[in-house]
Amino acid sequence: MFGYSDRLAALREAVQRFVEEEAIPRECPALAHDLDALETTTRRLRAKAMEAGIYGPQLPVAWGGLGLSWRDRSVILEEAGRSFLAPLAMNCAPPDQPNMINLLTEGSPAQQQRYLAPLARGETRSCFAMTEPEPGAGSDPSMLQTVATRCPGGWAITGRKWFISGAIGASFALVLAKTGDGATLFIVDADNPGYRVLRNIASIDGFQIGGHGEIELKDCVVGHDAVLGEVGKGFACAQTRLEPARLSHCMRFIGRASRAMALAQDYANRRNSFGQPLAQLQQVQAMVADSHIDLHAARLMTWHAAAKLDANESVQHESAMAKVFVSEAVGRVVDRAAQIMGALGMSEDSPVSMILREARPLRVYDGASEVHRSTLARRVLKESLRP
């Protein structure tokens, strides 16, 4: 019905096995914020993902991946997203996944061999440095404060980046900076003397490989060959990654929310209260029903956008709508799951509490819901003015 490939069923089963037998058994609360242990666990699981034939679902076959369509990918990323660790192991987690998109679409052959090849093999990690501390760029990227000026042999970059996911231990960063010709995206090696990771910023969410770093760029000199794409086209490069990245977030978090609700349903069926199983209480039944309505609608919105991507059609409108709806729908689902489970849902004895903490930032990451709503409304109203 949705144009899936013939191999999808077997691949989905393989991912399900990997999640249940390899990824979930290695999850523990202590791992959520232990960056070194998370890195080690990811590397071990990555080798197992390769052995299982599920590695790199989003990567072209030529780069060691599975070359899946967006429609197939929507199913596989949802399955992987049920686990905190499986997307990392399969190398389809941010920020590396969208960084690979930029390197595939805008990277020169030399940049691809130097940066994309080891990233695709899982030998290195990367980060995307756009967000800045106040008064710099956040939801409004036009407030960009980091500056790159021409110097002999290349560019000198100066600025500060903040809440940069994956920054701790990354081999390189894609850095957005202002130039005289407009915003430009640069590839900056982490061992550049002018590039310094100041700290890891503690956050509500967990299992983010490389944490969320604060970065200082001070007279950070890079060559002309460090420009990714074209000078002055940085915002266009960023948009190339953002639309598919938003959809990938939706796919993974539909899986995460589905897992939370499955745990809540199991709890409701076996937990007795007021003389009967919780599952027999109408208020609990309503929460379960509403959650499956939310999940079904979230899937359909995501699958529709995925189909348009496969058809090489713009998803500017659809990806924004999906990001707003799905981020809020999965939040509702996980919140209900935690409510059904009571104290257990609040505790680290169940993964639901961490899923709840992870779901909340999704309404901010890759564009706050309010920004998307404003952009969508302006676009719709502008269209309505046309004769």
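Keep in mind it's a predicted model, so treat the numbers as computed, not measured. (Residues numbered from 1 in each chain as written. Predicted model: local features only at pLDDT ≥ 70, side-chain atom pairs only at ≥ 80, totals over all residues. Heavy atoms only, no water.)

## Describing the pattern of salt bridges
Note the following rule: By definition here, a salt bridge exists when the distance from a side-chain nitrogen of Lys or Arg to a carboxyl oxygen of Asp or Glu is within 4 Å. Elements are defined by DSSP. Helices are runs of H or I of four residues or more, strands are runs of E of two residues or more, and each kind is numbered from the N terminus.
Summed over all chains, the structure comprises 24 salt bridges. Note that Arg160 and Glu214 form a salt bridge whose closest N and O atoms lie 3.2 Å from each other. With a gap of 54 residues between them, Arg160 in strand S3 (residues 154-165) and Glu214 in strand S7 (residues 212-223) connect regions that are remote in the sequence. Through salt bridges that share partners, Arg160, Arg196, Arg199, Glu214 and Glu216 make up one connected network.

## Remarks on the state of the cysteines
Let me state the cut-off plainly: By disulfide we mean two sulfur atoms from cysteines, separated by a distance within 2.5 Å.
Considering all chains together, one arrives at zero disulfides under this definition. With no disulfide of its own, Cys220 lies closest to Cys151 among cysteine sulfurs, the gap being 10 Å.

## Brief notes about the side chain of Glu243
This is how it is decided: Burial status follows relative accessibility: with a 1.4 Å probe on protein chains alone, a residue under 20% of its type maximum counts as buried, one over 50% as exposed, and anything between as partly exposed. A residue counts as positive if it is Lys or Arg and as negative if it is Asp or Glu; His and the chain ends are not included. Note on contacts: a residue pair qualifies if any of its non-hydrogen atoms lie within 4.5 Å across the two residues.
With respect to the secondary-structure elements, Glu243 resides in helix H7 (residues 234-270). One buried charged residue, Glu243, remains without a salt bridge, the closest side chain of opposite sign being Arg246 at 5.3 Å. Contact partners of Glu243, with chain neighbours within four places excluded, come to Val315, Gln316 and Ser319.

## Describing empty space enclosed by the protein
For clarity, the threshold we go by: The rule is simple: put a 1 Å grid over the protein atoms alone, call a set of points where a 1.4 Å probe fits but cannot get out a cavity, call an open set with protein on both sides within 12 Å along at least five of seven lines a pocket, and count a residue as lining if it has an atom within 4 Å of a point. Grid points are joined across faces, edges and corners, and a volume is the space filled by probe spheres set on the points. Residues were grouped as follows: Ala, Val, Leu, Ile, Met, Phe, Trp, Tyr, Cys and Pro as nonpolar; Asp, Glu, Lys and Arg as charged; and all remaining residues, including Gly, as polar.
Scanning the entire structure with this criterion turns up two cavities of 30 Å³ or more. In this structure, the largest cavity occupies an estimated 50 Å³ of space. In terms of lining, the largest cavity is formed by Arg46, Pro87, Leu88, Asn91, Cys92, Ala93, Pro94, Asp96, Arg125 and Ile209. Among the residues making up the lining of the largest cavity, the classes are represented as six nonpolar, one polar and three charged. Put simply, the second largest cavity is a space of about 30 Å³. Surrounding the second largest cavity, Ser74, Glu78, Met251, Ile254, Arg299, Thr302 and Trp303 form its lining.

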